[in-house]
Amino acid sequence: MTPQLTLNPIAESYLVAIGVAAVLLLLWFRLPLTAAISSKKRGILTAVHCSMLLVFLLVLLRPTLVYVTTTKQAATVILLFDRSRSMSVPDELNGLSRYDAMVRAVSQAGPRLKRLAGEVEVRAYAFDADTAPITLQDGLPALPARPEGSQTALGAALEDVLRIEAGKRVLAILLFSDGAQRALYPRDALPQPAAMRMKSLDQRLFAFRFGKARGAAEARDLALEDLSCPDRVFVKNELPLTVRMRAVGYAGQAVAVQLLYEIEPGKMEVVESQEVRISAPEERIPVRFRYVPETPGERKISVVVPPQPGEASVLNNEQITVVNVLEGGIRVLYLEGSLRVEQRFLRRSLDSSPDIQTDFLRPSAVPAGGDPNRLAERFRPGKYDVYVFGDIDSTYFRTEWLAELAETVSRGAGLLMLGGFQSFGAGGYAETPLADVLPVRLNRLERQEPGAPLRADLHIPGPLLFIPTDIGLQHFALTLAASPEESRRLWASLPPLDGANRLSGVKPGALVLAEDPQKNPLLAVQFYGNGRTAAFAADSSWRWWMHGEENIHKRFWRQLVLWLAGQDESRRPNVWIRPTQRRILLGETFEFEAGANDETGEPIPNAVLEGTIRLPDGRTENVAFANGEGRATARFRRTDQAGDYLLTVKAAIAGRELGTRETRLLVVTRDLEMDQPAADPTLLASLAATTDGELLPPEQLSELLDRLLARTKELEVPIVTRRTLWDTWPVLLLFTLLATAEWYLRKRWGLV
């Protein structure tokens, strides 16, 4: 560009510069010379003075030559291509696959891509579970021949690109994908945080969506989802299972759904089958099974729908898990008439014991006929180990049912009755078969009719201290410490109860384990045939929990239930394992807790745990535990093999082995990409909007490239170069020569 001459006078004023020059000129011409000289010499001297004045004026005006040139800043355009297997779904126009449609769109925009590559740096990447760079050949990316990736780690791919291209000016990121993120740990990062980072860096994302929200691959497909099943069940108890069958494209047909059970290790058999009719083109149908295991152990359970003609994928036709069938566990039936506070905390304490299964039931009102709650069946021998009656009136039960329960207790079951307005004699139990079973005397005159005003004579008002007797301190149910003295101290530290039922006394063979300060019995027990019974007159033990004595509350109720079930003498230290889930997808991380309990079921906090996992190929790897209070947690990430994983945990304390526990976990293969390969344009639109970008159809790729080419003009930056003409050495030298010449001439001509 042609340079321009600019002046920048001293003090930013031409008047100042001209005024200074005028003063100098006036001084030179007005001051008289000391001697007469010829006109020739005067002319020479005047010429020198004028030259000096011109140089001085040049310095005062400060002239500068300005050169303006332009340069283009470096910028990058990133192309990010999805090469996962879901891109092979043929749901584009004319039956093209998503991937082929993407390749065609990029090929058609080839000339513009080549022009863009001449203006800015174009970088290309392909992603599935990982992100890899792609070379550009004549402006076009060298895409893989087929999409074969097993995952779509969209969020991780955006994070990869941001990391690799950090520090560069990114003009735009062009994302080509179906938009559905399907990824496993550790590549399952969500894409939204990456989009927010792009927004903060002023990087815009332009997304091109391929595929339909419900693609052709889903036109005919059966898939089993959301298997719900308890991870443990007691022998000869019902095991309920629920699974959802997603049916697409099989309207009007009936398919068989089968339940398979591992009868013995490694041998699966069909134990139940249901025919499910599909009524709609797309439907999710719940399927429920109930199975009663006959033998203990860890068993596989599988729900299968056989492959159907035309199915897109058969890898989603099965759901499988592992169930721990327990022997020797305690089954408790807890009956309550109202949802009072006591039942909530009591159930919570019992549920904290892994070997106690509590079924809670609020029976229907007085049964006029039938047995909607199946109480006759529940009261039969072998169904439950312990029965707990809360505040529930005797009129909720038929006499023959309670007679059956009395027989069940005599054969070895346990029975516990809790205090309440409708408990003991107040509940009418004095005239039922349970009057002989309970350890306390019941009187029919104590009857508290339902709905009638409360009889104060049947209750002891609080606050009421719970004081163990000397016999009680020796009893298993009330043992809280190694010595009776320490147990007594712990019981004395508990807050008082709100009150209790006033009992008429205990039977001759019963033991009073606890009483109030006035010697009224609060807890009494006795043997009845081969069974055991207890009466707990209060209904506010929940106050112990609420005052921070949660562990004592749990321990007391657990030990009382163990005694009622006759398992107080058979308890040994045990090791336990609690996996968060027993069925893990290939590549996922599974987590579990483990610990050791003492004979009473209390955690052993200083137990040392060692764990190993046997992989499906037979190799064994160690597991590292993070210790907590009475339990330890661990994670295992190397689940790259499908099959059975056997987890073994050993516990020891001070070098003494406490026990060993094993459990099975399943790692299953599932095609993340083809299980539900529908596109997700909503996610792409959200990501683009976050960065102020756009979601565009593939046909607008060329138009977007034209817009980006136009934006390259914004990258041209003017560079201004200034060259001053007054503060250079030639000007200084000229002024010095002129001043020297003037002095020399004046000296020679005798003017000084």
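Residues numbered from 1 in each chain as written. Predicted model: local features only at pLDDT ≥ 70, side-chain atom pairs only at ≥ 80, totals over all residues. Heavy atoms only, no water.

1. Some points on helix α2 (residues 39–61)
One full turn of an α-helix is made of 3.6 residues, so residues set three or four places apart face in the same direction. If you check α2, its first and last C-alpha atoms are 32 Å apart, about what 23 residues at 1.5 Å a residue would give, namely 33 Å. Those residues of α2 not exposed but buried are Leu 45, Val 48, His 49, Met 52, Leu 53, Val 55, Leu 60 and Leu 61. At the C-terminal side of α2, Arg 62 shows a positive phi close to 50 degrees. (Helix = DSSP H or I, 4+ residues; strand = E, 2+ residues; numbered from the N terminus. Expected span 1.5 Å × (residues − 1). Buried < 20%, exposed > 50% of the residue type's maximum accessible area, 1.4 Å probe, protein only.)

2. Structural notes on the packing of aromatic side chains
Following the criterion strictly, the structure yields 28 aromatic pairs and no others. Relative to Tyr 387, the ring of Phe 379 lies with its centre 5.7 Å away and its plane at 80 degrees, an arrangement referred to as edge-to-face. Each member of the pair, Phe 379 together with Tyr 387, is buried. A centroid spacing of 5.9 Å and a plane angle of 70 degrees characterise the contact between Trp 544 and Phe 556, whose relative ring orientation is edge-to-face. In this pair, Trp 544 sits in helix α12 (residues 542–546) while Phe 556 sits in helix α13 (residues 550–564), placing the two residues twelve residues apart along the sequence. Neither Trp 544 nor Phe 556 differs from the other in exposure class; each is buried. An aromatic cluster is built from Phe 379, Tyr 384, Tyr 387, Phe 389, Phe 397 and Tyr 429, whose rings are joined through pairwise contacts. The aromatic ring of Trp 576 is capped on one face by Arg 578, whose charged end is 4.1 Å from the ring centroid. (Phe/Tyr/Trp six-rings, centres within 6.5 Å; stacked < 30°, edge-to-face > 60°. Lys NZ or Arg CZ within 6 Å of the ring centre and 35° of its normal.)

3. Topic: the pairing of strand β36 (residues 656–668)
Both faces of the sheet carry side chains from a regular strand, because those side chains alternate between them. Two elements, strand β29 (residues 583–585) and β36, share three bridges in a ladder whose sense is parallel. Among the inter-strand pairings, Leu 585 is bridged to a residue of β36, identified as Val 668. (Pairing = 2+ DSSP bridges.)

4. Comments concerning the sheet that holds strand β10 (residues 221–228)
Across the sheet, three strands lie side by side as β10-β12-β15; this open sheet has antiparallel pairing. Whereas interior strands pair on both sides, the edge strands pair on one side only; in this sheet they are β10 and β15 (282–291). The mean angle between the axes of side-by-side strands here comes to 25 degrees, regardless of whether they run parallel or antiparallel. Both β10 and strand β12 (residues 239–248) contribute to a ladder of six bridges, which runs antiparallel. Bridge pairing links Asp 221 to Val 248 in β12. (Axes fitted to C-alpha atoms, helices over the stretch in contact; angles between N-to-C directions.)

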